[in-house]
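# A closer look at the structure
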Amino acid sequence: MKAPICIGVLMIATAFGLGACSQETAEPADAEAPAGIAGLEIANGRLVLPPVKGNPAAVYFDVTYTGDRNLAIRRADVAGAGSSEMHDTVEMDGKMTMQPSLPVVLNTGDTVEFAPGGKHVMAMDVSEDLTAGGTTEVTLTVAGGDKHSFDVPIKAAGEER
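Residues numbered from 1 in each chain as written. Predicted model: local features only at pLDDT ≥ 70, side-chain atom pairs only at ≥ 80, totals over all residues. Heavy atoms only, no water.

### What about the overall build of the protein?
- A count of helices and strands for the protein gives one helix and 10 strands.
- Starting at the N terminus and ending at the C terminus, the protein contains elements arranged as α-β-β-β-β-β-β-β-β-β-β.
- Once local pairs closer than 6 in sequence are excluded, the contacts in the protein between residues at least 24 apart make up 64%.
- As displayed, the protein has an accessible area near 10,400 Å², and 55% of this comes from carbon and sulfur atoms. (Helix = DSSP H or I, 4+ residues; strand = E, 2+ residues; numbered from the N terminus. Contact = heavy atoms within 4.5 Å. Areas by Shrake-Rupley, 256 points an atom, 1.4 Å probe, with all protein chains shown as cover.)

### Focus on the pattern of salt bridges
- The final tally for this structure, using the stated rule, is three salt bridges.
- Among the salt bridges present, the one from Lys53 reaches Glu128, with a minimum N-O distance of 3.2 Å. With Lys53 in the loop between strand S1 (40-48) and strand S2 (57-65) and Glu128 in the loop between strand S8 (120-126) and strand S9 (135-142), this residue pair connects regions lying 75 residues apart in the sequence.
- When its relative accessible area of 69% is taken as the criterion, Lys53 is described as exposed.
- Glu128 gets classed as exposed once you look at its relative accessible area, which sits at 61%.
- One salt bridge connects Lys119 with Asp88, and the closest N-O pair in it is separated by 2.9 Å. (Salt bridge = Lys/Arg side-chain N within 4 Å of Asp/Glu carboxyl O. Buried < 20%, exposed > 50% of the residue type's maximum accessible area, 1.4 Å probe, protein only.)

### Structural notes on the packing of aromatic side chains
- This structure, assessed with the given rule, holds two aromatic pairs.
- Ring geometry for Phe61 and Phe114: centres 4.3 Å apart, planes at 15°, overall stacked. A residue pair is termed long-range when its members are at least 10 positions apart, and Phe61 in strand S2 and Phe114 in strand S7 (residues 111-114) qualify at 53 residues. Like Phe114, Phe61 is buried.
- With a centroid separation of 5.3 Å and an interplanar angle of 65°, the aromatic rings of Phe61 and Phe150 are classed as edge-to-face. With a gap of 89 residues between them, Phe61 in strand S2 and Phe150 in strand S10 (residues 147-155) connect regions that are remote in the sequence. With respect to class, Phe61 is no different from Phe150; both count as buried. (Phe/Tyr/Trp six-rings, centres within 6.5 Å; stacked < 30°, edge-to-face > 60°.)

### Some thoughts on the pairing of S8
- With three bridges connecting them, S2 and S8 associate as antiparallel partners. Its bridge partner being in S8, Ala57 is matched across the sheet by Ala123.
- Note that strand S4 (residues 81-92) and S8 share six bridges and pair antiparallel. Among the inter-strand pairings, Ser83 is bridged to a residue of S8, identified as Met124. (Pairing = 2+ DSSP bridges.)

### Describing the side chain of His120
- If you trace the backbone, His120 turns up in strand S8.
- Under the relative-accessibility criterion, His120 is labelled buried at 4%.
- Separated by 2.8 Å, the side chain of His120 and the backbone oxygen of Gly118 make a polar contact. (Polar contact = N/O pair within 3.5 Å; in protein donor to acceptor, adjacent residues only side chain to side chain.)

### Here we look at the environment of Thr136
- Along the chain, the position of Thr136 falls in strand S9.
- Among the residues examined, Thr136 registers a relative accessible area of 6% and is labelled buried.
- Between the C-alpha atoms of Thr136 and Ala81, which are 55 residues apart in sequence, the distance is 9.7 Å.
- Setting aside residues up to four positions removed in sequence, Thr136 forms contacts with Leu47, Val78, Ala79, Leu130, Phe150, Asp151, Val152 and Ile154.
- Polar contacts involving the side chain of Thr136 include one to the main-chain carbonyl oxygen of Ala79, which spans 2.5 Å.

And the structure:
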C-alpha cells in the first residue's frame, strides 16, 4: 500500500516541477547589464593623432568618481590601436620623462586629469582608420575587472590638445 502513495506523490511533484520549467522568468535572457561603472564620469575626452605617422597617439580626458567604494584604474584600451598604455610624466634626474603609470586610485569625490604634461594614455600602432574628425572608443579597466567605455573625438596633431 505504501508504494502506490509514494508513486502518486512522485508524480505530483514531477508535474509541479515541469510546470515550473515552462514558466517565463521575470527578466528576459537577453537583458543587458548596466553600461560602465556607476559613479564614473568622463569629460573632455580626445585622442590626438601623432605629428609623425607611425608614432603613438595620446588620449586625454578628465575622470570624476562619485561611487561608494574606492577604485583603481589599472588599464586603458583604445579601439583601433595595436596596444595602449597609461603613462605619467615625472621628473627624473632634473628632466621630465614619461613612464608607465601605476594604477590610478580614485576615492569618492576625486577628479583626475589625463592631460598633456601629466597622466595620459599612449595608443601605439594606430590604425589608418582613425582619422581627424572621427571618434574611437576608450575602455578603462579597474582592479577587479569592471570596465567603463566611452567615445572620444579624434583630433589632428596640430589641433588644440
